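Below, each chain spelled out in residue letters.
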Amino acid sequence: MTDTALASICGFAFSGIEAVPVKVEVQLSVGLPSFLIVGLPDKAINESRERVRAALSAMGLALPAKRIVVNMVPASLMKEGSHFDLPIALALLVVMGLLSGDMAQRYAALGELSLDGGVNPVCGVLPAAMTAASLSLGLICPAAQGVEARWASEDMDILAIRSLPELLNHFRGQQVIEPVELPPIAPEDLTALPDLADIRGMETARRALEIAAAGRHSLLMVGPPGAGKSMLAARLPGIMPDLTPVEMLEISRIHSIGGLLRDGQPVRRPPFRDPHHSSSPAALSGGGARARPGEVSLAHRGVLFLDEMPEFGRSALEVLRQPMETGSISIARAAAHVTYPARFQLIAAMNPCKCGYLGDAAQECRKAPRCGEDYQARLSGPLLDRLDMTVHVEPMPLSRIAELRGGEASAIVAARVRAAVGRQQARQGAARNAEASTDDFRITTPARDFAVQAAEKMRLSARGFTRLLRVGRTIADLGAQPDVERGHIAEALAYRFRRAGGK
């Protein structure tokens, strides 16, 4: 070994859902024994020194009594996470002469080391594999995440390892790491989801839920406790159409960054996120020390359900305004500035007032109707203006519930929703009605004139008027109508928000 030895291997830092290549360099030189890591590492990376040292010791190897410097290029980019353990260890094995440098440079790597030399799962394997494939590199990753990496490319060389000794023996030709194959995809079992057939009556609310699913519209349900708002929301996933391949990959990248992919399988159904009303603004928007994706991003192309919406903090609710309009959210911190996709479908539920019984003379409190006005005022005007639909869910008498039979099953409603979505895709491509330009819509002159007159009378904003036309277009699609008619606009108008219990 010469007085100075240098080796490098590709690792990754993460910015939003993108994996940024980082060149991990290790230099071994004459000097006082030391182990330095430079290039803006965080505390987890600085602790890599002890994990790497212990992992090598478990293999019967000791670090040379020399000066070891680990440099991460570009040095101006903040590096975070224990997934840098594996590239640091591999570069060290190269400079120690135990691993071929030419062979190691054909791969990128990420993984966390155990003290016994094992390789533990980490976040972000899918976007890292996609970046490695774009650089024509193979990928070395934890064995538990080999399938996740394989979804990025069917052709790239993936070494899914359980331990460092296993990898070293593979490169020496003493052991063969089995190639990673994609497992067969079992069809989703939608019968396990709650079924709309369980709901009796509530025709207006069921209709609103179907329209919301078909056009991916936001929906607010207002009604007293026990009226069935949460029950309706829980049945929305069962009538939503499957994700497209592009949407599956996009959502899976977000969930990979968040460490939420199960068994390496991609997300194949629209996600359904229902955070508690005690959630902070950072929990909804994303952030923290490592600027992780929040609920609005984890619900991308799926549903964000806020039960008892006014109970959320005002600042937390206002976080929703930008992503509802733009479909993305930018998180600015002193050490990071990242953007995550956040095109979610907001479904919310609320009581008409604090006690929940506004309008019921037998149960409402003495402060009615002022209590309802104060309670609903917790939702700001700009936020309400971004809601496509509102439906008032009225409780049914128990005697009436006992007489009624269950409604249509989710499978029947889902078939109508899929047909409506197919019409949207044929007309405007991937964009659903909730995000499409109204220029793509065929609206009859009487329907447009009626919409303008109604919008002026109700003092709708330009945004509210556009959303009115979009809901009308979805209603027409559900009816297999090529043009938006006056009746479609009239039904869409019935779903505009009204304060104080609809009065």
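Residues numbered from 1 in each chain as written. Predicted model: local features only at pLDDT ≥ 70, side-chain atom pairs only at ≥ 80, totals over all residues. Heavy atoms only, no water.

Visitor: What's the story with the packing of helix 20 (residues 462-478) against helix 21 (residues 486-493) in this structure? I'm lost.
Guide: Angle between the axes and distance between the axes: these two values describe a pair of packed helices. It is the contact of helix 20 with helix 21, at a shortest axis distance of 8 Å, that shows an interaxial angle of 120 degrees. Comparing their axes, helix 21 and helix 20 come out oblique. Once helix 20 is placed against helix 21, the crossing between them reads as right-handed. Facing helix 20, whose interface residues are Leu468, Leu469, Val471, Gly472, Ile475 and Ala476, helix 21 presents His488, Ile489, Glu491, Ala492 and Leu493. (Axes fitted to C-alpha atoms, helices over the stretch in contact; angles between N-to-C directions. Helix = DSSP H or I, 4+ residues; strand = E, 2+ residues; numbered from the N terminus. Parallel < 35°, antiparallel > 145°, perpendicular 65-115°, else oblique. Left-handed = near helix turned anticlockwise from the far one by under 90°. Contact = heavy atoms within 4.5 Å.)

Visitor: Please explain the nonpolar core as it appears in this structure.
Guide: Within soluble globular proteins, side chains that are nonpolar tend to cluster in buried spots. Formed by 51 residues in total, the largest nonpolar core has its most connected members in Leu219 and Ile489. The contacts of Ile489, once residues within four sequence positions are left out, are Ala447, Phe450, Ala451, Leu468, Leu469, Gly472 and Val484. The next biggest cluster of nonpolar side chains, apart from the first, holds 43 residues, and it includes Ile9, Leu92, Leu93 and Val119. (Core = buried A, V, L, I, M, F, W, Y, C linked by side-chain atoms within 4.5 Å. Buried < 20%, exposed > 50% of the residue type's maximum accessible area, 1.4 Å probe, protein only.)

Visitor: Any chance you could explain the environment of Asp307 here in plain terms?
Guide: Along the chain, Asp307 falls in strand 14 (residues 303-307). Its relative accessible area of 30% is what places Asp307 among the partly exposed residues. Put simply, Asp307 and Val296 are 11 residues apart on the chain and 15 Å apart in space, counted from C-alpha to C-alpha. When near neighbours in sequence (up to four residues on either side) are disregarded, Asp307 contacts Ser230, His277, Phe312 and Ala349.

Visitor: Looking at this structure, I do not really get helix 5 (residues 125-134). What am I missing?
Guide: Of all 10 residues that make up helix 5, seven are buried, and the element is covered over most of its length. Buried within helix 5 are the following residues: Val125, Leu126, Pro127, Ala128, Ala129, Thr131 and Ala132. Here the buried face of helix 5 lies against strand 1 (5-15), strand 2 (18-29), strand 5 (107-109), strand 8 (138-142), helix 6 (146-150) and helix 10 (245-257). Among the residues trailing helix 5, Ser136 stands out with phi positive, at a value near 60 degrees.

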